[in-house]
Every structure is written in C-alpha cells, then in structure tokens.
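Given next are the chains, with one letter for each unit.
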Amino acid sequence: MNMPHPFRPRRSSIKPGARQRGFTLLEVLVALVIVGTALGAGLRAVGSLSANSAGLRTAMMATWSAENRLVQIRLGNEFPEVGKRGFDCPQGDLHLVCQEEVIVSPNPRLRRVEVSVFDIENPNRRIVKLVQLVLRPTRT
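Rules and cut-offs
Residues numbered from 1 in each chain as written. Predicted model: local features only at pLDDT ≥ 70, side-chain atom pairs only at ≥ 80, totals over all residues. Heavy atoms only, no water. Pairing = 2+ DSSP bridges. Helix = DSSP H or I, 4+ residues; strand = E, 2+ residues; numbered from the N terminus. Axes fitted to C-alpha atoms, helices over the stretch in contact; angles between N-to-C directions. Contact = heavy atoms within 4.5 Å. Buried < 20%, exposed > 50% of the residue type's maximum accessible area, 1.4 Å probe, protein only. Salt bridge = Lys/Arg side-chain N within 4 Å of Asp/Glu carboxyl O.

(A) Spatial organisation of the sheet that holds strand β3 (residues 110–119). With respect to topology, 4 strands assemble into an open sheet ordered β1-β2-β3-β4, the strand pairing being antiparallel. One side of each edge strand has no neighbouring strand; the edge strands of this open sheet are β1 (83–88) and β4 (122–135). Recorded for the sheet is a direction-independent mean angle of 20° between the axes of neighbouring strands. Across the face of the sheet, helix α1 (residues 25–75) comes into contact with β1, β2 (96–104), β3 and β4 while running at roughly 35° to β4.

Next up, the structure:
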C-alpha cells in the first residue's frame, strides 16, 4: 500500500502556468449575499403591495357607501333636517358605519350634507368623507 504522507504536499495534476477555472469561495459568498438581498427586497415590495391593495379596496368600498347615501338623497328629492345621525352601511364583507351630518348653509335654499364612513372595528379612523350641497325641492 502506497499511502501519502500527511505532511508531504500533494502533487497537483495541474500543469504549471495553466490557469484554474471556477469561482473562489469568497466570490460564491458575495454572489449569495447579493442574491439574498435582492430576494429580501422583492419580498418586502410584494408585502407592501398586498397591504396597500387592501387599503385601496377598503377606501373604494367606503366611497361607494357614502355615494349611495348621497344618491339616495338626490333621487328621493329629500331636503334633510339639520342634525347628525349614524347608520350601518356595509359593503361586501366590510362592516362599515356611516355618519351623516346636515348643516345649514348661508343660502336658505341649500343644505350641506357630509357623509363620513368609518370601519366598525376601528371607529376612530374615518376612511372617507364626502360632501354635497342639496337644493330644496321646488313646490309645484
């Protein structure tokens, strides 16, 4: 048996003067750090987009709820009484609460109607507020 001596350097099969091909361990580690950083940034961006998407959806549904009430006033030729009232105004799977405030305007023929929409789970956060002036219906 011909065993190599543990302290004797091994002879390389590479010819002197020939260049070795391949990557060093340091180059591989640097590449892994770069790829890992890029993937982390990509995941963070995707998470941010999904959170933003939910917020936009909620704002859109809240706007629809407020618009529904304002259209109901217009189509019913209502001239709402001055004051404040709250009512449920759900949209899809969202549980929303609308608050309608009717304010006297300087012109006696007009009333200012403000409809604010809140999430029932977070009633201190107003999602949207729409304002409309309502003209007193003419008597015929």
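(B) Up close: unusual backbone geometry. A positive phi angle, close to 50°, is found at Asn77, a residue other than glycine. Position of Asn77 relative to the elements: it lies in the loop between α1 and β1. Using a relative accessible area of 58% as the deciding quantity, one classes Asn77 as exposed.

(C) Local environment of the pattern of salt bridges. A complete count under the given rule lists 6 salt bridges for this structure. In this structure, the salt-bridge partner of Arg57 is Asp93, at a minimum N-O distance of 2.7 Å. Here Arg57 is found in helix α1, whereas its partner Asp93 is found in the loop between β1 and β2, with 36 residues between them in sequence. Classification of Asp93 as exposed rests on a relative accessible area of 54%. The salt bridge partner of Glu114 is Lys129, with a shortest N-O separation of 3.3 Å.

(D) Summary view of the side chain of Arg69. Inspection of the secondary structure assignment puts Arg69 in helix α1. When residues no more than four places from it in sequence are discounted, the contact partners of Arg69 are Glu78, Arg85, Phe87, Glu100 and Val115.

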